[in-house]
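Examination of the molecular architecture
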Amino acid sequence: MRKRLALAMASWVLISMSGCIWPLNWSVAHNKRHFRRIWIQWKELETDIDAVIFGLERYPADE
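The text that follows walks through the structure, step by step, so that each part is easy to find. (Residues numbered from 1 in each chain as written. Predicted model: local features only at pLDDT ≥ 70, side-chain atom pairs only at ≥ 80, totals over all residues. Heavy atoms only, no water.)

1. Some thoughts on the overall build of the chain
Looking only at helices and strands, one finds two helices and zero strands in the chain. Classification of the 63 residues of the chain by burial places 8% in the buried group. As displayed, the chain has an accessible area near 5900 Å², and 66% of this comes from carbon and sulfur atoms. (Helix = DSSP H or I, 4+ residues; strand = E, 2+ residues; numbered from the N terminus. Buried < 20%, exposed > 50% of the residue type's maximum accessible area, 1.4 Å probe, protein only. Areas by Shrake-Rupley, 256 points an atom, 1.4 Å probe, with all protein chains shown as cover.)

Below you can see the structure in the form of structure tokens.
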């Protein structure tokens with residue numbers, strides 16, 4: 001029972017992270033764009049943290 005509840009909660013969190021949990025807006029392609037954008041922003045956050053905290057260059061391959 002606990003595993004099912006944990007799976008249901010994890011599923012709800014992942015679905016709600018996209019910001020489009022209303023059934024009328026539900027679309028796999030739409031939500032895929034949201035999750036792709038979340039992933040891109042997460043990578044940008046890691047780059048910013050490296051630059052601010054550790055003093056690393058933001059995009060050393062571009063130089």
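There's plenty left to go through after this.
2. Describing the pattern of salt bridges
For side chains bearing opposite charge, pairing can occur when the charged atoms are close. Enumeration over the complete set of coordinates arrives at one salt bridge. One salt bridge in this structure joins Glu-46 and Lys-43, with 3.5 Å as the shortest N-O distance. Of this pair, Glu-46 and Lys-43 both sit in helix H2 (residues 28–53), three residues apart, which is roughly one turn of the helix. (Salt bridge = Lys/Arg side-chain N within 4 Å of Asp/Glu carboxyl O.)

3. Some points on H2
Between its first and last C-alpha, H2 extends 37 Å over 26 residues, near the 38 Å set by a 1.5 Å rise per residue. Along H2, the residues classified as buried are Asn-31, Thr-47 and Ala-51. Looking one or two residues past H2, Gly-55 carries a phi angle of roughly 70°, positive in sign. (Expected span 1.5 Å × (residues − 1).)

4. Observations concerning the environment of Glu-46
Taking relative accessible area as the criterion, Glu-46 reaches 32% and is therefore assigned partly exposed. Side-chain polar atoms of Glu-46 contact the side chain of Trp-42, separated by 2.9 Å. (Polar contact = N/O pair within 3.5 Å; in protein donor to acceptor, adjacent residues only side chain to side chain.)

5. Some words on a nonpolar patch on the surface
A surface patch of nonpolar side chains, amounting to about 890 Å² of accessible area, comprises Trp-39, Trp-42, Leu-45, Ile-49, Val-52, Ile-53, Phe-54 and Leu-56. Note on placement: Trp-39 falls in helix H2. (Patch = residues over 30% accessible without salt bridge, like charges linked within 9 Å, V, L, I, M, F, W, Y side chains within 5 Å.)

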